[in-house]
Amino acid sequence: MSGLVHGSEDHKRGFRSIVLFLIWLVIVPAGTLLALGILMLVFWQVPELTIVSGVLTLALVCMLVTGSVLALVFLRREATLSKLQTDFVSKVSHELRTPLTSIRMFVEMLQNTDDPEQVRLCHDVLQKETARLSERIERLLDWGRMEAGRRIYDKRPEPVDAVVRRSLEAFDTATIGRELAVHVEVAPDLPRVLVDREAMTDALVNLLSNAYKYTGEDKQITLRATADHRAVRISVIDNGIGIPAREHRRIFQKFYRADDRLSREVEGSGLGLAIVRHIALAHGGRVELESRRGEGSTFTIVLPRPKASALEAAERESRVAAAR
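Described below are features of the structure shown in this document. (Residues numbered from 1 in each chain as written. Predicted model: local features only at pLDDT ≥ 70, side-chain atom pairs only at ≥ 80, totals over all residues. Heavy atoms only, no water.)

Okay, the overall build of the chain next. Within the chain one finds eight helices and seven strands. Looking at the chain as a whole, 39% of its 324 residues qualify as buried. Accessible surface for the chain amounts to roughly 19,200 Å². Of this, 59% is attributable to carbon and sulfur atoms. (Helix = DSSP H or I, 4+ residues; strand = E, 2+ residues; numbered from the N terminus. Buried < 20%, exposed > 50% of the residue type's maximum accessible area, 1.4 Å probe, protein only. Areas by Shrake-Rupley, 256 points an atom, 1.4 Å probe, with all protein chains shown as cover.)

Right, dumping it as structure tokens:
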């Protein structure tokens, strides 16, 4: 909920910005132009003033046009954001209602049956649905903390293979009951990275979940980790529907989802990739995307390769924190 409140505050600030632009770039020049017109009527016989007033009039007209264009741009942006937020609330409500409906239905079934097979089925479904509900709520809370600047990252030296392994375990838990083997390619002798393991796990699970949702029946997903002398790169590669080039920048915006038939049919709040990008930036890195329509996608989290001195300092801080 804090994310929604924060979004509402951003919305209000946006409209205040529009009002300020209107005041300074439209209303103030209009008032000045009116005053100048009055002065011209009173002092028309002064040639120098006529030339100056002509130049000023031209400048003020340009300011009026610029102010009007900027106001329209801001109004369009705010209208788009308002629509995205409305869609977001609708999607979140649906996503929360779906697992709750399943939980209620299977709890009632559990109360009315003694069949061991049905009891086992109910337990499995309840475990899956409660995990899904918890994941949805945690994602909303996490985004709220990020938007408010209250997300704290506990960065420690971590082996890349440990981060990859933890991400796969978390992804397996999130996809319980679904058969899927993720192909893992971790280059040997990778350097350690300075990361918050849980945050990086969340980012990779988001990418793996998207790869799972946006591929067809023959799912081929690869989790790859490589490094060069400047950075460590962790990639999630799929053979899914792909993303048109025009959407590459926009899909990392909050609430945004690609305008695609399959995208509309798949559950999602439009926050997953925004969270991935936020986590990558918080670690001094970035997210890269390679994708074409119908040719799958490759999302890569690029992390800076830390210097030995930075790793040693982080290790000392970790030991001090553990001693406390």
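A complete count under the given rule lists nine salt bridges for this structure. Close ionic contact of Arg-156 with Asp-154 constitutes a salt bridge, the shortest N to O distance being 3.1 Å. Glu-185 is the salt-bridge partner of Arg-224, the closest N and O atoms lying 2.7 Å from each other. Here the residue Arg-224 occupies a position in strand E4 (residues 222-227), and Glu-185 occupies one in strand E2 (residues 183-186), the gap between them amounting to 39 residues. For Glu-185, a relative accessible area of 29% corresponds to the partly exposed category. (Salt bridge = Lys/Arg side-chain N within 4 Å of Asp/Glu carboxyl O.)

Below, the discussion takes up the nonpolar core. Residues Leu-223, Ile-279, Phe-299 and Ile-301 are the most contacted members of the largest nonpolar core, which totals 41 residues. Aside from chain neighbours lying at most four places away, what touches Ile-279 is Met-146, Tyr-153, Ala-199, Met-200, Asp-202 and Ala-203. Among the nonpolar cores identified, the runner-up in size contains six residues, and Ile-103, Phe-106, Val-125 and Leu-126 belong to it. (Core = buried A, V, L, I, M, F, W, Y, C linked by side-chain atoms within 4.5 Å. Contact = heavy atoms within 4.5 Å.)

Moving on, we get to a nonpolar patch on the surface. Together, Val-65, Val-69 and Val-73 give the surface a local cluster of nonpolar side chains, amounting to about 250 Å² of exposed area. Structurally, the position occupied by Val-73 is in helix H2 (residues 47-111). (Patch = residues over 30% accessible without salt bridge, like charges linked within 9 Å, V, L, I, M, F, W, Y side chains within 5 Å.)

In this fold, His-283 is placed in the loop between helix H7 (272-282) and strand E6 (286-291). In contact with His-283, not counting residues within four places along its chain, are Tyr-153, Lys-155, Leu-194, Val-195, Asp-196, Ala-199, Met-200, Leu-303 and Pro-304.

Moving on to the sheet that holds strand E7 (residues 297-304). Strand order in the open sheet formed by five strands is E2-E4-E5-E7-E6, with mixed pairing between adjacent strands. Edge positions in the sheet fall to E2 and E6, since each of these pairs with one other strand and no more. Pairwise comparison of adjacent strand axes, ignoring direction, gives a mean angle of 15 degrees for this sheet. Sheet contacts for helix H5 (residues 197-213): E4, strand E5 (231-238) and E7; angle to E7, the most-contacted strand, approximately 170 degrees. Contacting E6 and E7, H7 crosses the sheet at an angle of about 135 degrees to E6. (Pairing = 2+ DSSP bridges. Axes fitted to C-alpha atoms, helices over the stretch in contact; angles between N-to-C directions.)

Moving on: H5. Its 17 residues place the ends of H5 24 Å apart at the C-alpha level, agreeing with the 24 Å of an ideal helix rising 1.5 Å per residue. Judged by how many residues are buried, H5 sits mostly within the fold: 13 of 17 residues are covered. A side-chain oxygen of the first residue of H5 lies 3.1 Å from the backbone nitrogen of Glu-198; this N-cap is Asp-196. (Expected span 1.5 Å × (residues − 1). Polar contact = N/O pair within 3.5 Å; in protein donor to acceptor, adjacent residues only side chain to side chain.)

Enumeration over the complete set of coordinates arrives at two aromatic pairs. Ring centres of Phe-171 and Tyr-212 lie 6.5 Å apart, and the angle between their planes is 70 degrees; this geometry places the pair in the edge-to-face category. Taken together, the positions of Phe-171 in helix H4 (residues 160-174) and Tyr-212 in helix H5 put the pair 41 residues apart, joining distant regions of the chain. For the pair Phe-171 and Tyr-212, a shared accessibility class is recorded, and that class is buried. Over the ring of Tyr-212 we find Lys-219; its NZ or CZ atom is 4.5 Å from the centre of that ring. (Phe/Tyr/Trp six-rings, centres within 6.5 Å; stacked < 30°, edge-to-face > 60°. Lys NZ or Arg CZ within 6 Å of the ring centre and 35° of its normal.)

On to unusual backbone geometry. Even without being glycine, Asp-189 reaches a positive phi, approximately 60 degrees. Inspection of the secondary structure puts Asp-189 in the loop between E2 and strand E3 (193-195). What makes Asp-189 exposed here is its relative accessible area of 76%.

Once that is clear, we can look at the packing of H5 against H7. Following both chains from N to C, one finds H5 and H7 inclined at 145 degrees, their axes separated by 9 Å at the closest point. Taken as a pair, H5 and H7 cross one another with a handedness that is left-handed. Listed contacts from H7 to Ala-199, Met-200, Asp-202, Ala-203, Asn-206, Leu-207 and Asn-210 of H5 are Gly-272, Leu-273, Ile-275, Val-276 and Ile-279. Of the residues in the contact of H5 with H7, the class split is eight nonpolar, three polar and one charged. (Left-handed = near helix turned anticlockwise from the far one by under 90°. Nonpolar A, V, L, I, M, F, W, Y, C, P; charged D, E, K, R; others polar.)

Turning next to the pairing of E4. Where E2 and E4 come together, four bridges link them in parallel fashion. Residue pairing across strands places Glu-185 opposite Arg-224, the latter belonging to E4. Bridge count between E4 and E5: six bridges; the pairing is antiparallel. Bridge pairing links Ala-227 to Val-232 in E5. Hairpin connection, E4 to E5: the antiparallel pair is bridged by three residues.

On to the pairing of E6. Burial along E6 is one-sided: Val-287, Leu-289 and Ser-291 are buried, while Arg-286, Glu-288 and Glu-290, pointing the other way, are not. Where E6 meets E7, six bridges bridge the pair, whose relative direction is antiparallel. Paired with Val-287 across the bridge in E7 is Ile-301. With antiparallel pairing between neighbouring strands as the criterion, E6 and E7 make up a hairpin whose turn holds five residues, including Gly-294 at a positive phi of roughly 80 degrees.

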